[in-house]
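Secondary and tertiary structure notes
Each chain, letter by letter, is given below.
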Amino acid sequence: MLNTISRRLLAIDEGRQQLSLIDTATATFHWTLDLSPYPLARDLQRLDAQRVLVGYDRGFFELDIASGRVLAACARWTDVTAVRRRPDGSTLVTGWNLDGTGGVNVLTLDRDLHLAATARRDGDYVRLMRTTPDGTYLLSTNDHILETAPDLSQRRRFAAPGFEH
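Residue indices begin from 1 for each chain and proceed along its sequence in written order. Only residues with pLDDT of 70 or above have their local features reported here, since the model is predicted, and side-chain atom pairs are shown and tallied only from 80 upward, although totals for entire chains, interfaces and linings are computed over all residues. Excluded from the side-chain calculations are hydrogens and water; all other atoms, namely the structure's heavy atoms, are used.

Observations concerning the pairing of strand β11 (residues 115–121)
- Here, a strand pair is defined by DSSP locating no fewer than two bridges between the strands. Going along the chain from the N terminus, every DSSP run of H or I of four or more residues is numbered as a helix, and every run of E of two or more is numbered as a strand. In the sheet, strand β10 (residues 104–109) pairs with β11 via 6 bridges, with the strands oriented antiparallel. Following the sheet pairing, Val106 is matched in β11 by Ala119.
- Taken together, β10 and the strand that follows it, β11, pair antiparallel across an intervening segment of 5 residues, in which Leu113 is found at a positive phi of about 70°.

Structural data, given as structure tokens:
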């Protein structure tokens, strides 16, 4: 007999522009949030047991996991592709041309969402950014992944034949 594992899954359906909390054992949707006010939502980060950070084209929002209610939103840009909340409460916002100078940007916002730092490098696309335990960034670009210092200077480049996006 196969045992069913019961988990709650928080998932974005990019095609339908919906965010849902699903019980995997029963396929029950606890709630579904229409993401049309938050276009191109793609990035999720669990902040704690109650909240998740969701990145979308114009910025990010915090969501209450139990209810699906948006708690706070920050919408200041266009072409945001990734967001990360750091343990110190600052938020990294990654995307293309966020500072108006073209290129790939990572903006650092302090706890009060004021701009604290900017970093820029040449490029026309970044899909995802993650921090490493060493404090570097992994940037997924068109056909490779870069490991960079926080100022976006290249440390290493990872590429594979046929890799794209």
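And the narrative resumes.
Section: the pattern of salt bridges
- Salt bridges, as used here, are contacts in which a Lys or Arg side-chain nitrogen is within 4 Å of a carboxyl oxygen on Asp or Glu. Applying the stated rule across the entire model yields 9 salt bridges.
- We note a salt bridge from Arg42 to Glu14, for which the minimum N-O separation is 2.7 Å. With Arg42 in the loop between β3 (28–34) and β4 (43–46) and Glu14 in the loop between β1 (8–13) and β2 (18–23), this residue pair connects regions lying 28 residues apart in the sequence.
- The buried label goes to any residue with under 20% of its type's maximum accessible area, the exposed label to any with over 50%, and the partly exposed label to all in between, with areas taken from a 1.4 Å probe on protein chains only. According to the relative accessible area criterion, Glu14 is partly exposed, its value standing at 36%.
- A cluster of three or more residues bridged by salt bridges with shared partners is formed by Asp48, Arg51, Glu62 and Arg85.

Remarks on the sheet that holds strand β7 (residues 70–75)
- The strand order β4-β5-β6-β7 describes an open sheet built from 4 strands, whose pairing is antiparallel. In this open sheet, the two strands that pair with only one neighbour each are β4 and β7. In this sheet, adjacent strand axes meet at a mean angle of 15° when their direction is disregarded.
- Relative to strand β6 (residues 59–64), strand β5 (residues 51–56) is paired through 6 bridges, and the arrangement is antiparallel. Looking at the pairing, Val54 lines up with Phe61 of β6. Helix axes are fitted to C-alpha atoms over the stretch in contact, other axes to C-alpha atoms as well, and angles between N-to-C directions run from 0 to 180 degrees.

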